[in-house]
Amino acid sequence: MTPTPDAIEYELRRYLLAEFLPGESPANLRDDTPLRTGGILDSVATLKVVSFVEQSFGIEVEAHEAGVEHFDRIVDIAALVRRKRGR
Amino acid sequence: MDLEFSDEQRGWHDAAVDFARHHLCNDVIAADRDEAFDRAAWKAAAEFGVLAMPVPKAMGGLGLPITDVIAVMEGLGYGAKDQGLLFSINAHLWTNTMPLVQWGTPDQRERWLPGLLDGSKVGANGASEPDSGSDVFAMRTRARRDGDHYVLDGTKMFVTNAPVADVIVAYATIDPKLGAMGVTGFIVDAHAKGVTISKRIEKLGLRTSPMAEVVFDGVRVPVIDRLGREGRGVGVFESSMEWERGCILANCLGVMRRQLERCLDHARQRRQFGQSIGKFQSVANKLVDMRLRLDTCRPLVYRIGRLKEAGRDCTVEAALAKLHVSDCYVKNGLDAIQVFGGYGYMKEYELERDLRDAVGSTLYSGTSEIQRNLVARGLGL
Ligand SMILES: Cc1cc2nc3c(=O)[nH]c(=O)nc-3n(C[C@H](O)[C@H](O)[C@H](O)COP(=O)(O)OP(=O)(O)OC[C@H]3O[C@@H](n4cnc5c(N)ncnc54)[C@H](O)[C@@H]3O)c2cc1C
């Protein structure tokens, strides 16, 4: 099933909270919360997010696309997913 | 947890003890002093099948369940004096062969696995560098794409088996700015132009397992020998570490059991002050601790086998096993020497080598501090 635009953000938030922010109030993770530059994700953790995104949304992320530009905030990741899915 | 062997496992375990007693005990005091790698024993181990055991039958292996492989490793550890050779076998299996099994393309497996399984090729793993050990993904070795090749430049540190290796599973970054996301795995022909052993490294223990620093100077690796996707070397490396952390210390279970048996014999026979030294509570306590360590280590290692067989992630469990077994292994080595008194300190009794062999276990495949970090992360801290 193709997730609706909001579902992408929702799935990402759910995954990030469970995997990297256990016990954190969901209200503290907004779509524009900095993940890489805010210290929530290091580059190894980002790789996990990349794998999750690939598996959950059926896209392929190239090495050069997995940097801060596309993986710092939920909005950025969701935008990348949408752009790739739109192709 | 039931740790009784099945008939099959008992058969493999006992065969491994027998094999090790016959082939892995050849003048090890001299080999340890001279840092000699026993090529004949390596070949014999391959003929016994150990290099093929965890590899699926469809890929030319024996396809043994991992708990059976662990039982074999425990048996080898028990019967062998040459723990360095067993260490080389483990490095070859878990950080070279298994990554190929798990991440290799059918073509890569076809080209590389036969020699690794029959022992005609020796495998090594090149991840650590002079400036990146625990922080391994800060590696500097570069891989530049040039047509249908990558060109590798950099230095790999502490490469077990390097002086005798034919195939190196090596990691390099396609762009240091990408951090872990630049790290990429490669299958490197150790005899290719530009691969040099820049320095043999002498060690405290495991001295019969050769080690060296390796320099890649413009090494051309065909794109078809990239292992996994570009920028996904972390996954390849982490999975190999999970194998190694979980299984490399299975040999130590055998060593710890042998130490306990030797110490029990000695404590019963050695008399001081008119009685056997085992009657002194402070000596008996050491033997109790040795037994306790063995009994707490075995379930942790066999649990990895069961998790692996169930296809489950075991990052935390492998780190716990590595952390606890390595700690116990070193403590057992010290206790065994103490129980034997001055004799334990002398080379002739072959207990001091066990201790020297044990110390590295708190360092390789990630130090004990790093294992604690992995467990803490798994606990959500
Ligand atoms: C016998 C042996 C065989 C080996 N074989 C291979 C091989 O085949 N291939 C290969 O690539 N490498 C191999 N290694 C290298 C091994 O993986 C590294 O030695 C190990 O990862 C530690 O790196 P380092 O030696 O650079 O120490 P460093 O990373 O410099 O660590 C120094 C100290 O700082 C501590 N430390 C570092 N970071 C942290 C942290 N975040 N938190 C807490 N403490 C920290 C460490 O635990 C350690 O006590 C081998 C090592 C040994 C001893």
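Computed from a prediction, not measured in an experiment: that's the story for all the values here. (Residues numbered from 1 in each chain as written. Chains lettered and ligands numbered in written order. Predicted model: local features only at pLDDT ≥ 70, side-chain atom pairs only at ≥ 80, totals over all residues. Heavy atoms only, no water.)

K.L.:
Break down the overall build of chain B for me, with residues and values.
P.N.:
A tally of regular secondary structure across chain B gives 13 helices and ten strands. Radius of gyration (C-alpha) of chain B: 21 Å, near the 21 Å computed for a compact globule of 381 residues. When the 381 residues of chain B are sorted by exposure, 58% land in the buried category. By sequence separation, contacts in chain B at least 24 residues apart represent 75% of the contacts at least 6 residues apart. Carbon and sulfur atoms form 52% of the exposed surface of chain B, whose accessible area is close to 15800 Å². Once the 48 positive and 50 negative side-chain charges of chain B are each reduced to a mean point, those two points are 3 Å apart. (Helix = DSSP H or I, 4+ residues; strand = E, 2+ residues; numbered from the N terminus. Rg over C-alpha atoms; globule rule 2.2 N^0.38 Å. Buried < 20%, exposed > 50% of the residue type's maximum accessible area, 1.4 Å probe, protein only. Contact = heavy atoms within 4.5 Å. Areas by Shrake-Rupley, 256 points an atom, 1.4 Å probe, with all protein chains shown as cover. Lys, Arg positive; Asp, Glu negative; His and termini not counted. Charge placed at Lys NZ, Arg CZ, Asp CG, Glu CD.)

K.L.:
Please give an account of the interface of chain B and chain A that cites residues and values.
P.N.:
Note on interface size: it is often stated as the accessible area lost on association of the parts. Residue-level contacts link 13 residues of chain B with 13 residues of chain A. Roughly 1000 Å² is buried in total at the junction of chain B and chain A, and carbon and sulfur atoms are behind 62% of that figure. The interface formed by chain B and chain A includes two salt bridges. A salt bridge links Glu54(A) to Arg232(B); its shortest N-O distance comes to 3.0 Å. At the boundary of chain B with chain A, the tally comes to five residue pairs in polar contact (both at pLDDT 80 or more). (Buried area = accessible area lost by both parts, 1.4 Å probe. Salt bridge = Lys/Arg side-chain N within 4 Å of Asp/Glu carboxyl O. Polar contact = N/O pair within 3.5 Å; in protein donor to acceptor, adjacent residues only side chain to side chain.)

K.L.:
Tell me what's going on with the packing of aromatic side chains, and back it up with residues and numbers.
P.N.:
Throughout the structure, instances matching the rule amount to 15 aromatic pairs over all chains. When the centroid spacing of 6.0 Å and the interplanar angle of 85° are considered together, the rings of Tyr15(A) and Phe20(A) count as edge-to-face. Accessibility assignment for this pair places Tyr15(A) and Phe20(A) in one class, buried. Looking at Arg145(B), its charged tip hangs above the ring of Tyr150(B), at a distance of 5.3 Å from the centre. (Phe/Tyr/Trp six-rings, centres within 6.5 Å; stacked < 30°, edge-to-face > 60°. Lys NZ or Arg CZ within 6 Å of the ring centre and 35° of its normal.)

K.L.:
Account for the domain arrangement of chain B, with residues named and values stated.
P.N.:
Residue and element names in this part refer to chain B. Per the domain assignment, the segments making up chain B are domain 1 (7–118), domain 2 (123–231) and domain 3 (234–378). The straight-line distance from the C-alpha centre of domain 1 to that of domain 2 is 23 Å. Taken together, the contacts link 26 residues of domain 1 with 25 residues of domain 2. Both sides of the domain 1 and domain 2 interface together cover about 2100 Å² of buried area, and 55% of this is carbon and sulfur. Linking domain 1 to domain 2 there are one salt bridge. Of the charged contacts, one joins Arg111 and Asp225 as a salt bridge, the two residues approaching to 2.7 Å between their closest N and O atoms. When contributions to the side of domain 1 that touches domain 2 are tallied by element, the ones reaching two or more residues are helix 2 (28–34), helix 5 (83–103) and helix 6 (106–118). (Domains from an automatic or database assignment.)

K.L.:
Can you lay out the pattern of salt bridges for me, pointing to particular residues and giving the numbers?
P.N.:
All names here are of chain B. As enumerated under the stated definition, the model contains 32 salt bridges over all chains in all. Asp146 is paired through a salt bridge with Arg220; the nearest N and O atoms lie 2.9 Å apart. Placement of Asp146 in strand 2 (residues 142–146) and of Arg220 in strand 7 (residues 211–222) is noted, with a sequence separation of 74 residues between them. Three or more residues joined by partner-sharing salt bridges are found here, namely Asp32, Lys347, Glu352 and Arg356.

K.L.:
Before we move on, could you go through the environment of Asp14(B) and cite the residues and values that matter?
P.N.:
Positionally, Asp14(B) belongs in helix 1 (residues 7–23). Separated by 65 residues in sequence, Asp14(B) and Gly79(B) place their C-alpha atoms 9.3 Å apart.

K.L.:
Explain helix 6 of chain B to me, using residue names and the numbers behind them.
P.N.:
All names here are of chain B. For helix 6, with 13 residues, the first-to-last C-alpha span of 18 Å sits near the 18 Å given by 1.5 Å per residue. Largest kink in helix 6: about 40°, centred on Trp112, with the proline Pro114 one to four residues after it. Those residues of helix 6 that fall on the buried side of the exposure criterion are Gln108, Trp112, Leu113, Gly115, Leu116 and Leu117. On the buried face of helix 6, the contacting elements are helix 3 (39–48), helix 5, strand 1 (123–126), strand 4 (167–173), strand 5 (183–189) and strand 8 (226–227). (Expected span 1.5 Å × (residues − 1). Bend = angle between axes of the 7 residues up to and from the residue.)

K.L.:
I'd like a rundown of the site of the ligand, residues and numbers included.
P.N.:
Residues and elements named next belong to chain B. Around the ligand sit 16 residues in total, of which Ser128, Ser134, Phe158, Thr367 and Glu369 are the nearest. A distance of 3.1 Å separates a nitrogen atom of the ligand from a polar backbone atom of Phe158. Within the side chain of Thr160, one N or O atom sits 2.8 Å away from a nitrogen atom of the ligand. About the coverage of the ligand: the protein hides 64% of its 970 Å² of free accessible area. Contributions of two or more residues to the shell around the ligand are made by strand 3 (149–160) and helix 13 (368–378). Looking at the shell around the ligand residue by residue, the class counts come to eight nonpolar, seven polar and one charged. Split by domain, the residues of the shell around the ligand number at least three in each of domain 2 (123–231) and domain 3 (234–378). (Near = heavy atom within 4 Å. Nonpolar A, V, L, I, M, F, W, Y, C, P; charged D, E, K, R; others polar.)

K.L.:
Give a description of the pairing of strand 1 of chain B that names residues and reports values.
P.N.:
All names here are of chain B. Along strand 1, one buried face is formed by Gly123 and Asn125 and the opposite face, lined by Ala124 and Gly126, is buried too. Pairing geometry for strand 1 and strand 4, over four bridges, is parallel. Looking at the pairing, Gly123 lines up with Val167 of strand 4. (Pairing = 2+ DSSP bridges.)

K.L.:
Please provide a residue-by-residue account of the side chain of Lys308(B), values included.
P.N.:
Residues and elements named next belong to chain B. Assignment of secondary structure puts Lys308 in helix 9 (residues 281–309). Polar side-chain contacts of Lys308 include one of 2.8 Å to the side chain of Glu242. Sequence-distant contacts of Lys308, that is, excluding residues within four places in its chain, are made with Ile66, Glu242, Trp243 and Cys314.

K.L.:
Explain the packing of helix 5 of chain B against helix 8 (residues 250–269) of chain B to me, using residue names and the numbers behind them.
P.N.:
Residue and element names in this part refer to chain B. The contact between helix 5 and helix 8 brings their axes to 11 Å, and the two run at 160°. Classed by the angle they form, the pair helix 5 and helix 8 counts as roughly antiparallel. In terms of crossing hand, the pair formed by helix 5 and helix 8 is right-handed. For the pair helix 5 and helix 8, contact is made by Gln83, Leu86 and Asn90 and by Asn251, Val255 and Arg258, respectively. For the contact of helix 5 with helix 8, the class distribution of residues is two nonpolar, three polar and one charged. (Axes fitted to C-alpha atoms, helices over the stretch in contact; angles between N-to-C directions. Parallel < 35°, antiparallel > 145°, perpendicular 65-115°, else oblique. Left-handed = near helix turned anticlockwise from the far one by under 90°.)

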